[in-house]
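Remarks on the overall topology
Take a look at the letters that make up each chain.
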Amino acid sequence: MIIEENEFDKQIEDLLNKEKTARLANNLVETLKVTKQIAKLCFDTKQYSKFNELIISLSKKRGQPKKAQIELVQMAMVELKTLAINQKLEMIDAIMKVCEKKIYLEVEYARCVLMLTQYKEDDNQIADAAKILQEVQVETYGSMDKREKLEFILYQMKIMIKKQDYVRLFIISKKIEPKNIEDDKIADLKIIYYSFLVMYYRHENNYKETAHAYSKILESLHKNKQLEATKVDFNFRIDYNTILENYAMYTILSTYSEEKQKQLQSLVSTYKYGLEALPNLQQLIQAFLGSELISTSPQSHNIQAAEIFDENIENNQQRYVDFRRQLIHHNLRIFQIYYDSVYLNRITELIGISTQELEEEICLMMDQKLLKCKIDRIQGIVEYQLKKNENDVLQEWGENVNKVLNLIDLTSNLIKREEELFL
């Protein structure tokens, strides 16, 4: 329907007068009817600039009902889908001005921010997109659907990765409680969330947390293989075998602990059939769980094709170095099991590293409290059985005395109980 400009202005003026009369009379039904007519007239005549002015001015009118503002914004949100990009951006800006700092319009405000940010992202204005997006705290929005809220936070994380702002990425990740995404209905969002965490921890070279994130992805894939179709940005592969391999490799790369050994044992038992498709990885895990010396040459384990060593992923060279270090550390722990003392040159001969590197790795393990030993450079010997100082001997004696006294006390109580029953 085409209306001449002066006629359009006249109709808008008449409708505004009706709106004012209805609003001041507190006639909600009539106010809603008139505001809808104003919006429809603007949309039918494609007077979008005029509508942008009107929606802002109407929202500021004294006594304007919340319902009228909500209806106008919702009609505008529907019309947005039909607009060209420039008109869409202008209307988004107008809607955001109306919605700002209004709890009853917080969802629409978040959606407008998301649309604006997506446009900025497509235009490669990542810094501007991040600045707009990070100011929205959707985790406090009670009226927003759980899935939509999670998608919004994940999009915030995605933009921070693109901006390479890893500090803010970590802060945003804390908005999602892990227990809140343990739901099969949102398993795809869980995979995306932990994929982004993998990128963060991988950047930080935090192998333990990277392995944990991969384990969560693997749990979901193990339950439902169809989730492999989940799309994640940044060329992150959601493939069962790749995720299993990465989980195992990052666990191996992490510093030795009892927890690490339990994780490897659990991995072998839980994903037994999956590991059969990765025989080289299976052998490597068994070697780390065993009590025998293994080769310290990464090439000999035939895992160079693993994704963690991919040149396209940052810090790949550092992971290669750390993998070799874990091979060396495993062997040094094995020596501690079988020897009270051993010559340095014998160790270097058996595991194929230089004396200088051996001393450096022993010192590192001692610093991390992974090894208790002493290097005698003059004799060229590593002594694993160290003499205890006076304080250690006294403390051990005290602990043993306490154990004996506790046993005596327990025995005495049991004897008294028997006497009471039978005497």
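Now for a quick tour of the structure. Everything numeric here is computed off the predicted structure, so don't read it as measured data.

Turning to the overall build of the protein chain, a few remarks are in order. If you tally the helices and strands in the protein chain, you get 19 helices and three strands. The C-alpha atoms of the protein chain give a radius of gyration of 33 Å, which is well past the 22 Å a tight globule of 423 residues would have. Taking the principal axes of its C-alpha atoms as reference, the protein chain extends roughly 105 × 75 × 40 Å. Buried positions account for 44% of the 423 residues belonging to the protein chain. Within the protein chain, contacts between residues at least 6 apart in sequence are counted, and of these 63% link residues at least 24 apart. For the protein chain, the accessible surface area stands at approximately 24400 Å², while carbon and sulfur atoms represent 48% of it. The average position of the 58 basic charges and that of the 65 acidic charges among the side chains of the protein chain differ by 5 Å.

A few words now on the layout of surface pockets. Each pocket or cavity is described by its volume, and for the largest pocket that value is around 400 Å³. Considering the residues around the largest pocket, the lining is formed by 15 residues, among which Arg202, Phe234, Asn235, Asn312 and Ile313 are closest to the centre. For the lining of the largest pocket, a count of residues per class yields seven nonpolar, three polar and five charged.

Strand order across the open sheet formed by three strands is 1-3-2, with antiparallel pairing between neighbours. Whereas interior strands pair on both sides, the edge strands pair on one side only; in this sheet they are strand 1 (341-343) and strand 2 (374-376). Strand-to-strand, the axes of this sheet are offset by a mean angle of 20°, without reference to chain direction. As defined by bridge partners, strand 1 adjoins strand 3 (residues 381-383) across three bridges and the pair is classed as antiparallel. Considered in strand 3, the bridge of Val342 is made with Val382. The strands touched by helix 17 (residues 344-351) within the sheet are strand 1, strand 2 and strand 3, with strand 1 carrying the most contacts at an inclination of about 75°.

By size, the foremost hydrophobic cluster in this structure holds 107 residues, and its most contacted members are Phe51, Met91, Ile95, Ile217, Phe236, Met249 and Phe323. Looking at this core, the element that brings in the most residues is helix 10 (residues 187-203), giving 12 residues. Excluding residues that lie within four positions of it along the chain, Ile217 makes contacts with Ile191, Tyr194, Ser195, Val198, Phe236 and Ile243. One finds Phe335, Ile351, Leu358 and Cys373 within the second-largest nonpolar core, a separate group that totals 16 residues.

Turning next to helix 15 (residues 279-289). For helix 15, every residue scored as buried is listed here: Leu281, Leu284, Ile285, Ala287 and Phe288. Buried residues of helix 15, viewed axially, fall in a sector of 160°; they line one side. Against the buried residues of helix 15 lie helix 12 (240-253), helix 13 (258-270), helix 14 (272-275) and helix 16 (316-338).

Here the structure, examined in full by the defined rule, presents 24 salt bridges. For the salt bridge of Asp165 with Lys163, the shortest nitrogen-to-oxygen distance reads 4.0 Å. The structure contains a network of salt bridges with shared partners spanning Glu121, Lys158, Lys162 and Asp233.

The next subject is the environment of Asp376. Tracing the chain through its elements places Asp376 in strand 2. Its relative accessible area of 25% is what places Asp376 among the partly exposed residues. Sequence separation of Asp376 and Gln11 is 365 residues, and the distance between their C-alpha atoms is 99 Å. Among the polar contacts made by the side chain of Asp376, one reaches the main-chain amide nitrogen of Gln379 at a distance of 3.2 Å.

Another point: the environment of Leu16. When you line up the elements, Leu16 lands in helix 1 (residues 5-24). Accessibility expressed as a relative area gives 26% for Leu16, which makes it partly exposed. The sequence separation of Leu16 and Thr35 amounts to 19 residues, and the corresponding C-alpha distance is 8.3 Å. Leu16 has contacts with Ile38, Leu54 and Leu58, leaving out every residue within four places of it along the chain.

Scoring rules and cut-offs
Residues numbered from 1 in each chain as written. Predicted model: local features only at pLDDT ≥ 70, side-chain atom pairs only at ≥ 80, totals over all residues. Heavy atoms only, no water. Helix = DSSP H or I, 4+ residues; strand = E, 2+ residues; numbered from the N terminus. Rg over C-alpha atoms; globule rule 2.2 N^0.38 Å. Buried < 20%, exposed > 50% of the residue type's maximum accessible area, 1.4 Å probe, protein only. Contact = heavy atoms within 4.5 Å. Areas by Shrake-Rupley, 256 points an atom, 1.4 Å probe, with all protein chains shown as cover. Lys, Arg positive; Asp, Glu negative; His and termini not counted. Charge placed at Lys NZ, Arg CZ, Asp CG, Glu CD. 1 Å grid on protein atoms, 1.4 Å probe; cavity = no way out; pocket = protein on both sides within 12 Å on 5 of 7 lines; lining within 4 Å. Points joined across faces, edges and corners; volume = space filled by probe spheres on them. Nonpolar A, V, L, I, M, F, W, Y, C, P; charged D, E, K, R; others polar. Pairing = 2+ DSSP bridges. Axes fitted to C-alpha atoms, helices over the stretch in contact; angles between N-to-C directions. Core = buried A, V, L, I, M, F, W, Y, C linked by side-chain atoms within 4.5 Å. Arc of directions from axis to C-beta. Salt bridge = Lys/Arg side-chain N within 4 Å of Asp/Glu carboxyl O. Polar contact = N/O pair within 3.5 Å; in protein donor to acceptor, adjacent residues only side chain to side chain.

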